[in-house]
Amino acid sequence: MLLPRYSLYFLLIFTPLALASVQGWAVSVIHFVTLIALTAFLFEKSLTWDWKWIKTPLDKPILCLLVLCLLSSVFSVHKSTSIWAFILLLNYLVIFYLTIHVVRTRSQFRQLVYLIVFMAALLSIIGLLKKFFGNPFPWWDYSDFQRTPDRLSSTFGNANHLAGYMEMTIPLLLGLLLTGLRGIKLYLIIILTVFLCMALIFSVSRGGWISAFAGIFFMSAALIFDPHFQSKRLVLTLVCGFFAVAFIVLSSTPVVKRILITSGQMGNIEGNIARVTVWEGIVEMIKDYPLLGTGPGTFVIVYTQYQPAGFDYRYFMGHNDYLHFVSETGLLLIPVIVWMIVALFVKGFKKLNNPSRLVRGITLGAMAGITAILVHSIFDFNLHIPANAILFTILAALVVSPLPTDNTSKTLSIDSEMLNVKSKKFWQYQ
C-alpha cells in the first residue's frame, strides 16, 4: 500500500502550497493523484484478493449523502456544474476511505500526523517571513488580488482560510504532547506550537481566533473528564491562564487597534452586517428550492438572483458553509450532517477510553481540530477550500479509523503461526 499512502502524503504537501488548491489546475492535480492512488489500491487488492471492507460509523450517513447529492445533481439547475461538484465530493470520500485502509499501523499514524504538523509549521514560517521580512517567494505573491494583503496568509490567498488550516492543526499538535514525547521532541512540539499560534494571531481572523478557542476548550474539557489523564489541575490552571491572558490582550484597545490598522480591517463591523444580509438572501434561496436545492456547485450561478442590492461585488460563496451546502442540496442535508457529526464524536469518545496514549492523543487532537473548523464554518467557507477540506477529511478518518496495529506484534504473530505450521508438519512425518 505504499503508492496509495504516499499519494495521500503528496496531497497533504501539494494542496496548501498551491494557493490552497482553489484554482482549476490544482483541482485537476488532486483528481489525477487520487485516481492513481485508488487504481493502485484496487490493483493491490486484486492481486491478494483481499476485499475486506473496514467499516466505520460514517458509512451509512455517507451513503445517504451520496444519494442526496446524486438526486440533487439530477434535478440541478445547471447539471454540468453539479456533476463536477459531485466528482469532487467523490474525490474527498476516496481520500477518506484510502486513509482508513492504508494508514493502519502505529508508525503510519505517526508519519501522517507528523507530516500534517510539518506542513502547518512550514506554512507558518513562510507566512512570518513574508510579513516581517518582505516576500522572498515571488511565486507566492498574491497582493494583486488580495483584499487585505497585510494580513498573514502565507501560501493561501485568504488569511481566514490559513487560520482555518492552523485551527485544525494546533489541537493535533497539542495532542502529540499526550502521547508521551520526551526530550528534544517535546521541546520541538512546544516551539512549533508557538509558530502556529503566531501565524493564527497575525492572520487577524476573528473567526479563526474564536474557533481555535472552541477547539482548545473542547480539548481541555475532554482531558478534565478523561479517567486516564491525571494532571487535571495542571490543565485547568493552564487553560484558565491562557484565556485570561488572551482576554487581557484582546481587550486592550491599543493592541486591537494596532492589529486592525495594520491589517486594514477597521471596516469589519460593516462586513459583519453585510454577511448577515447575504445570509438572508441565502435563506430566500432555500425557501424557493427546499427539497433538493439548486444542485451541488450551483450557488455561484443561482445566488445572483438573490443577492441583496447595495453590494459593490458579487458573492461567490455564502460565508456560511452550512447555509451554502443546504442551499445547493436541500433541507434533507441537515439531518445527514447532524448524523455524521454525532456518529463521528460518539466513535471518538469511545476511542478516548483506549489505554494507548497514541490513540487517545491523536484522536482527541483530531476531534478538537474538527470542532474548531465546524465552528469556523458558521462564519466562513473553509470547507469549500480543497486544502482545508482534505485536511478535514483526513482528521475525520483518524477519528473513526480502527485502532492501529503494532508492526512488531504483527510480525511476531506471523512468525509464531509459521512455527506452528512447521511443528505440525514435523509431527505428521514422525
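Residue positions are given per chain, counted from 1 along the sequence in the order it is written. A pLDDT threshold of at least 70 governs which residues receive local features in this predicted model, and a stricter bar of 80 or more applies before side-chain atom pairs are shown or counted, although totals over entire chains, interfaces and linings include all residues. Working from all heavy atoms in the structure, the side-chain values ignore hydrogens and water.

**Regarding the overall build of the protein**
Counting its secondary structure elements, the protein contains 17 helices and zero strands. For the exposure calls, accessible area comes from a 1.4 Å probe over protein chains only, and a residue counts as buried if that area is under 20% of its type's maximum, exposed if over 50%, partly exposed in between. By residue count, 48% of the 430 residues in the protein fall in the buried class. The long-range fraction of contacts in the protein, counting pairs at least 24 apart against all pairs at least 6 apart in sequence, stands at 76%. A total accessible area of about 21,500 Å² is found for the protein, and carbon and sulfur atoms account for 71% of it. Helix and strand definitions here come from DSSP, where helices need a minimum of 4 consecutive H or I residues and strands a minimum of 2 consecutive E residues; each element is numbered from the N-terminal end. Two residues form a contact once any of their heavy atoms are found within 4.5 Å. Reported accessibility uses the Shrake-Rupley method at a 1.4 Å probe radius. Residues are deemed covered only where the shown protein chains occlude them.

**Digging into helix 13 (residues 321–329)**
Here helix 13 has its buried residues at Asp 321, His 324, Val 326, Ser 327, Glu 328 and Thr 329. We call two N or O atoms a polar contact when they sit within 3.5 Å, provided that within protein one can donate a hydrogen and the other can accept it, with sequence-adjacent residues counted only if both atoms are side-chain atoms. With a side-chain oxygen positioned 3.0 Å from the backbone nitrogen of Tyr 322, the residue opening helix 13 is Asn 320. Looking one or two residues beyond helix 13, the residue adopting positive phi is Gly 330, at roughly 95 degrees.

**With respect to the side chain of Asn 382**
Along the chain, the position of Asn 382 falls in the loop between helix 15 (357–376) and helix 16 (386–400). Residue Asn 382 is classed as buried on the basis of its relative accessible area, which comes to 0%. If we skip the residues at most four places from it in the chain, Asn 382 touches Asn 160, His 161, Gly 164, Asp 321, Ile 373, His 376, Asn 388 and Ala 389.

**What to know about the confidence of the model for the protein**
What pLDDT conveys is the predictor's confidence in a given residue, as a value from 0 to 100. Of all residues in the protein, 84% attain a pLDDT of 70 or more, and the chain-wide mean is 86. Throughout residues 262–267 the model reports pLDDT below 50, and contacts reaching past four residues in sequence, or to other chains, amount to eleven contacts. Scored below 50 in pLDDT, residues 408–430 shows zero contacts in the model against residues more than four places distant or in partner chains.

**Examining the packing of aromatic side chains**
Side-chain rings of Phe, Tyr and Trp (the six-membered ring for Trp) are treated as a pair once their centres are within 6.5 Å; stacked means planes under 30 degrees apart, edge-to-face means over 60, and tilted covers the remaining angles. Here the structure, examined in full by the defined rule, presents 14 aromatic pairs. Measuring from ring centre to ring centre gives 5.9 Å for Phe 156 and Tyr 165, while their planes differ by 65 degrees; the resulting arrangement is edge-to-face. Owing to a relative accessible area of 0%, Phe 156 belongs among the buried residues under this scheme. When its relative accessible area of 1% is taken as the criterion, Tyr 165 is described as buried. Grouped by ring-pair contacts, the aromatic residues Phe 10, Phe 14 and Trp 25 constitute a single cluster. For a Lys NZ or an Arg CZ to count as sitting over a ring, it must be within 6 Å of the ring centre and within 35 degrees of the ring normal. Taking the ring centre of Phe 132 as reference, the NZ or CZ of Lys 131 above it sits at 5.9 Å.

**Here we look at the side chain of Asn 388**
Along the chain, the position of Asn 388 falls in helix 16. Apart from the residues lying within four places of it in its own chain, the contact partners of Asn 388 are Phe 156, His 161, Gly 164, Tyr 165, Met 168 and Asn 382.

**Section: unusual backbone geometry**
Residue Ser 21 is not a glycine yet carries a positive backbone phi of 60 degrees. Of note, Ser 21 is situated in the loop between helix 1 (2–17) and helix 2 (24–48). Look at Ser 21 and you get buried, because its relative accessible area is 0%. One non-glycine residue, Ser 154, lies in the positive phi region at around 55 degrees. Of note, Ser 154 is situated in the loop between helix 5 (106–132) and helix 6 (159–176). Residue Ser 154 is classed as buried on the basis of its relative accessible area, which comes to 1%.

**Observations regarding the pattern of salt bridges**
Opposite charge on two side chains makes pairing possible when the charged atoms of those side chains draw close. Any carboxyl oxygen of Asp or Glu within 4 Å of a side-chain nitrogen of Lys or Arg constitutes a salt bridge here. Tallying each qualifying case throughout the model produces two salt bridges. We note a salt bridge from Asp 50 to Lys 45, for which the minimum N-O separation is 3.9 Å. According to the relative accessible area criterion, Asp 50 is partly exposed, its value standing at 37%. Taking relative accessible area as the criterion, Lys 45 reaches 9% and is therefore assigned buried.

**Structural notes on the packing of helix 6 against helix 8 (residues 206–224)**
Angles shown run from 0 to 180 degrees and are taken between the N-to-C directions of axes, each axis being a line fitted to C-alpha atoms and, for helices, limited to the stretch in contact. Remark: helix 6 packs on helix 8, axes separated minimally by 9 Å, with the N-to-C direction vectors making an angle of 20 degrees. Here helix 6 is positioned roughly parallel relative to helix 8, judged by the angle of their axes. When you trace helix 6 past helix 8, the crossing you get is right-handed. On helix 8, the residues touching Ala 163, Glu 167, Pro 171, Leu 174 and Gly 175 of helix 6 are Gly 207, Gly 208, Ser 211, Ala 212 and Met 219. Each residue belonging to the contact of helix 6 with helix 8 can be placed in one class, and the counts come to five nonpolar, four polar and one charged. An angle below 35 degrees is treated as roughly parallel, one above 145 as roughly antiparallel, one from 65 to 115 as roughly perpendicular, and anything else as oblique. For any helix crossing, the convention is left-handed if the near helix is rotated counterclockwise from the far helix by under a right angle, and right-handed if that rotation is clockwise. Residue classes follow a fixed rule: Ala, Val, Leu, Ile, Met, Phe, Trp, Tyr, Cys and Pro count as nonpolar, while Asp, Glu, Lys and Arg count as charged, and any other residue, Gly among them, counts as polar.

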